[in-house]
Amino acid sequence: ASLGHPRFLLRDRHILRSDLEIPNARGGKLAASLYEPLTAPHVPDAKECPVLPCVVYCHGNGSCRLEAERIGPMILPYGFKLLAFDFSGSGLSDGDFITLGVREKEDVEAVVNFLRNSGKVSRIALFGHSMGAATAIMYAGSRPTNARDHVAAMVLDSPYESFSALSKSLVGKMELPPGVPRKMLLSVGVRFVKKSVKERAKIDLDDVKPAFFAAKVPKSLPALFVHGTDDKVVDYAQSGVLLNAYAGAPKELLTVEGGEHQAIRPMWVRTKQFCFLVETLYGPDTLEYLTIMRARANDLLLGARYTEAVAYYSTALEKSGFAEATLSRANSNTNHPRPKAPLRRKPFAVKGSTNGETGLLKKMRDRRKNKSSELSEV
């Protein structure tokens with residue numbers, strides 16, 4: 001009941017949810033939900049759920065697949081499927097223990113294999129938070145470098161570099177009674193935890209080492225890191241360590257000033273995440289990329305979020321290698337006759353607008369020439 005109705009609307013697009021059980025390598029069942037849009041900006045008339053890229057959401061410690069609600073409204077109306085699942089020992093999945101990535105990376109492998117065998121998705125990206133982000137790195141770094149079924153991209157929010165670093169971060173910011181030495185607590189407490197976990201869960205917490213696996217990911221696997229400077233669970237510096245160790249490219253770290261561990265990320269971060277996913281899962285030199293970016297920007301304009309809309313328009317124009325004539329094709333979902341010769345038409349038209357080249361696009365170009373121009377003028 002907490003997952004809501006299996007069919008719902010997001011920005012006038014019908015979304016279907018299928019609840020699944022996916023077997024993992026240990027014989028357990030992973031509770032999962034696959035969200036599929038019936039249509040997409042570049043597939044407006046599909047009679048059944050089209051084959052689309054899929055984002056796999058990996059939740060944090062002590063959470064569950066409901067955490068994926070953070071990104072569902074951002075991606076589902078714009079040409080992406082979303083698979084959210086409960087790690088072993090979390091939510092409704094089988095299992096008694098959480099292992100901070102040691103066994104969870106096998107869960108990710110089971111989910112990715114399920115999607116590939118389903119025939120319902122094209123490219124796959126991982127989107128993880130905290131333990132989920134650390135697990136995504138460990139999964140990607142544990143795959144053979146020549147494997148043909150690698151994921152296409154990863155968004156990594158607040159990952160930790162190792163269990164040791166995570167312990168230091170937690171103990172270092174913990175409020176202790178007077179007279180309790182912090183170093184002694186860290187030394188004795190961590191040893192006790194490691195011993196207890198090894199006896200009960202049969203794993204070694206020294207194997208929780210995302211930084212080690214980060215150096216082993218494929219060189220062609222892009223990653224977008226995000227971390228808040230006021231994170232009291234996983235200190236900000238750990239994403240810097242992981243970024244430096246990460247073997248894939250391109251890679252980037254978005255710093256959220258004052259951001260906390262569980263905080264919803266500001267709009268500029270979500271814009272970066274969305275653009276990263278569209279670019280890596282569709283490619284900037286595709287008509288689909290332009291169509292999706294235009295659809296997102298137009299929705300923002302209708303909501304009077306002009307600065308954000310211009311950011312999408314600008315990113316699309318800067319990233320795309322298409323010529324003006326191809327840009328015009330991205331706006332050709334109308335009954336207007338195609339011009340006989342390439343014309344300098346508005347590439348991202350808003351319904352009802354007659355400004356054309358002298359309107360939004362001209363102002364955007366003027367803005368590039370004069371960096372002092374204010375976005376509010378657009």
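The rules behind the values
Residues numbered from 1 in each chain as written. Predicted model: local features only at pLDDT ≥ 70, side-chain atom pairs only at ≥ 80, totals over all residues. Heavy atoms only, no water. Core = buried A, V, L, I, M, F, W, Y, C linked by side-chain atoms within 4.5 Å. Buried < 20%, exposed > 50% of the residue type's maximum accessible area, 1.4 Å probe, protein only. Helix = DSSP H or I, 4+ residues; strand = E, 2+ residues; numbered from the N terminus. Contact = heavy atoms within 4.5 Å. pLDDT = per-residue confidence, 0-100. Axes fitted to C-alpha atoms, helices over the stretch in contact; angles between N-to-C directions. Parallel < 35°, antiparallel > 145°, perpendicular 65-115°, else oblique. Nonpolar A, V, L, I, M, F, W, Y, C, P; charged D, E, K, R; others polar. Pairing = 2+ DSSP bridges.

Core analysis: the biggest nonpolar cluster contains 51 residues, and Val-56, Leu-83, Phe-85, Leu-115, Leu-126, Met-154 and Phe-225 have the highest contact counts within it. Here this core takes eight residues from helix 3 (residues 131–142), the largest share from any one element. Among residues more than four places away in sequence, those in contact with Leu-126 are Val-56, Val-108, Val-112, Ala-136, Tyr-139, Val-151, Ala-153, Met-154 and Val-155. Judged by nonpolar contacts, the second largest core, of 45 residues, contains Leu-10, Leu-254, Leu-277 and Tyr-313.

Let's shift gears to the confidence of the model for the chain. Detail in the predicted coordinates should be disregarded across regions flagged by low pLDDT. Per-residue confidence for the chain gives a mean pLDDT of 83, with 79% of residues at or over 70. Note on residues 323–327: pLDDT is under 50 here. Beyond four places in sequence and across chains, it has eight contacts. Segment residues 333–358: pLDDT under 50, and 33 contacts once partners within four positions in sequence are set aside and those in other chains are kept.

Let us now look at the packing of helix 2 (residues 104–118) against helix 3. Relative to each other, helix 2 and helix 3 sit at 70°, their axes nearing to 8 Å. In terms of orientation, helix 2 and helix 3 fall into the roughly perpendicular class. Each of Glu-104, Lys-105, Val-108, Glu-109 and Val-112 in helix 2 lies in contact with helix 3, whose residues at this interface are Met-131, Thr-135, Met-138, Tyr-139 and Ser-142. A per-class count over the contact of helix 2 with helix 3 returns five nonpolar, two polar and three charged.

Here Leu-100 shows up in the loop between strand 5 (81–85) and helix 2. For Leu-100, a relative accessible area of 12% gives the class buried. Taking the C-alpha atoms as reference, Leu-100 lies 9.4 Å from Ser-130; in sequence the two are 30 residues apart. Residue contacts for Leu-100: discarding those within four places in its chain leaves Asn-61, Met-131, Thr-135, Met-138, Tyr-160, Phe-163, Leu-166, Leu-205 and Val-208.

In this section: the sheet that holds strand 8 (residues 223–228). As summarised here, the arrangement of the nine strands in space is 1-2-3-5-4-6-7-8-9, forming an open sheet in which the pairing is mixed. Sheet topology places strand 1 (7–10) and strand 9 (251–256) at the edges, where each strand pairs with a single neighbour. Neighbour to neighbour, the strand axes of the sheet diverge by 20° on average, direction disregarded. Relative to strand 2 (residues 13–23), strand 1 runs antiparallel, the two sharing four bridges. Directly across from Leu-10, in strand 2, lies its bridge partner Arg-13. Relative to the sheet, helix 7 (residues 237–245) contacts strand 8 and strand 9, its axis offset from that of strand 9 by approximately 170°. Along the sheet face, helix 8 (residues 267–282) touches strand 4 (52–58), strand 6 (121–129), strand 7 (153–157), strand 8 and strand 9 and points at about 150° away from the line of strand 6.

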